[in-house]
Structures are given as structure tokens and as C-alpha cells.
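Listed below, chain by chain, are the residues.
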Amino acid sequence: MRVGVLLNERGGVEALGKLADDVRRAVDDGFSSAWMSQIFGVDALTALAVAGSGVPGIELGTAVVPTYPRHPAVLAQQARTTALALQGRLTLGVGLSHKIVIEDMYGYDFGRPLRHMDEYLSVLAPLLEGENASFTGETLRGAIGLSVPNEGRVPLLLAALGPKMLKLAAERADGTVLWMTGPVTVREHITPTIAAAAEAAGRDAPRVVCVLPVCVTGDVERAREQAGKTFEVYGMLPSYRAMMDREGVDGPKDLALVGDEDAVAAKLEELAEAGVTDFVAAEYMPGDRRTREFLKTVTAK
């Protein structure tokens, strides 16, 4: 199981410079990948292109870019340009986001998410492969080719939790990227569902990229309390709530990997045995250095 790190968004006018420092540190600390979320701050693809272009030797990915606000051809163009800046080290993670964001904030109809993603990938996927796209569906259409001079394809991951979306990820992407999904759910639901769909489609074994909060500490109660506060909103979003119910936990605080070095190492082993191909650590405790020191020992193995 490869180990990556989630890049925390930086504030201020020097945000991109600080982000570049974080990417360099990730390389120095031995991480195989570094990932950035697309929420309401800096644009993730633009930020990775700027911060990562001068830092070789590490995969950079988005986890994830919402699809609804951008036409798939526009996203493909931006992703391929970012991949060009990163010398082919970009992995594009995309996802639906949530009704509260897409419908209530952006004003798009969130009524047929599976249909939307299926049709979105019909335009996005071929363009990421360097091919032309020609598709007319019920929710979108696109007939376009791009001339961005990439030497290869841009790998694609799909945020997928339900069976139908996991099947789509297996058939149309290189795998899935998960958030707030625990080891029991990965072992009993995510991995068997996506692996079976990939095999049935004659596709390579899919990547399962799992992002979870991590804190190596002797004060477990404090760390879990902080996780509960920091990630509280995710326990209220239906897609993640369904995964927490499947896992049998009350909320995000119970999904965080918290404890001493041995306890967190055991959790990482459990995730690897469940089928996670890439674990991405989301460090969240202010002033925490012990977690990074532990992760460095894991990446060195």
C-alpha cells in the first residue's frame, strides 16, 4: 500500500508558495503522492500546477474536483494543461460533490447524479486519453478535440461509494478515491464491488485511494474530540452518513486513525488488507509533529 498525504489549503497572498513548500516536504518525507481537495478556496488544479511544477518525483492529485460546475471538455483541458506543467504526474480525481453544494449553492439540478456522471465521463474520459469526444446525452453533450501537447494520458479516479457509482469507476476510470470510509466498509463493500466490476469489464485491477484523518498521540480523547469538531459536517452529508452507518460508527471522530504508533500502524495494516492501494493521510491536529514523524517511518519501509 502506497502512502500519500493530503495538502492542507494555505491562507494569505503567499498561499501557493507555502503549498510548494508542503509539496517539497512531502517528497523529502518519502510520500508517494500528495493530494488537494477542491472546496471554496484556491482552485486545486491551478494550485497544483503552480506549486508542483518545480518539485519532481511525486504524484499529485485532486481529491476531488466537482463535475457539475465545469463542462467536461473544460475540465479535461485544464487537467491536461496541469499535467503538462507537472510533466505527467497529475491524477485527476472527480466527484459529484453534494446536493447542498451543487443545488443550493451553485444552482444546478442534482436530481440525476448517476446519469450526470455517466454522461460526463463520456466526454471527459476520451479527452483525457488524448482522443476526440463526440457525445450527446440527456444532461450534456460535447463534440470536441483538444490540442494540449501531452505525451500521455491523464489518469482518472472517481469518488464512488454506492454500488452503481463504483461500477462506473471500475468501467470508466482507473479506480476510486474515498473519504470518510472505514476499513470494514472498504473490505466488505468497496473493494469487492469495484474489483468484480473491473474484472467483468476486462479492466485492470482498480486503485482504491483512501483518505482519512490521522493523529499519532497519547491523548486519544482530545484527538478524537478535535476530529469530531474539524470534520463534523461530513457526518451530516447523506453519502458519507451512509458509509458511517455501514461501518457502524457514530461520526467522523470514530473514523479518524488515532492512537500511539502501534495503534495507528495496526489500522494502516487493516486498510491494506481490506484492499486499499493508496492511503492518504489527512493531518488535522494543530501543532502536531508526532504524526508526520510516524508517517515518515511508514514511507521508508
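Residues numbered from 1 in each chain as written. Predicted model: local features only at pLDDT ≥ 70, side-chain atom pairs only at ≥ 80, totals over all residues. Heavy atoms only, no water.

Once that is clear, we can look at the UniProt feature "domain: Luciferase-like" (unreviewed entry) in the chain. According to UniProt, the positions carrying the feature "domain: Luciferase-like" (unreviewed entry) are residues 10-277. The straight-line gap between the two end C-alpha atoms of residues 10-277 is 28 Å; of that span, 46% is helix and 17% is strand. (UniProt positions renumbered as here; feature names shortened; annotations may be inferred. Helix = DSSP H or I, 4+ residues; strand = E, 2+ residues; numbered from the N terminus.)

As a further point, take the pattern of salt bridges. All told, the structure shown has 25 salt bridges when counted by the stated rule. The shortest N-O distance in the salt bridge between Glu59 and Arg207 comes to 2.9 Å. Within this pair, whereas Glu59 is found in strand β3 (residues 59-62), its partner Arg207 is found in strand β10 (residues 207-216), the two being separated by 148 residues in sequence. For the residue pair Glu59 and Arg207, the accessibility class agrees, reading buried in each case. For Asp118, the salt bridge is made with Arg172, and the minimal N-O distance between the two is 2.5 Å. With Asp118 in helix α5 (residues 113-128) and Arg172 in helix α6 (residues 163-172), this residue pair connects regions lying 54 residues apart in the sequence. Three or more residues are tied together by salt bridges with common partners; here these are Arg25, Asp29, Glu283, Arg292, Glu293 and Lys296. (Salt bridge = Lys/Arg side-chain N within 4 Å of Asp/Glu carboxyl O. Buried < 20%, exposed > 50% of the residue type's maximum accessible area, 1.4 Å probe, protein only.)

With omega at -5°, the peptide bond leading from Ala63 into Val64 counts as cis. Along the chain, Val64 turns up in the loop between β3 and β4 (65-66). The backbone phi angle of Gln87 is positive, close to 55°, even though this residue is not glycine. Tracing the chain through its elements places Gln87 in the loop between α3 (72-85) and β5 (90-95).

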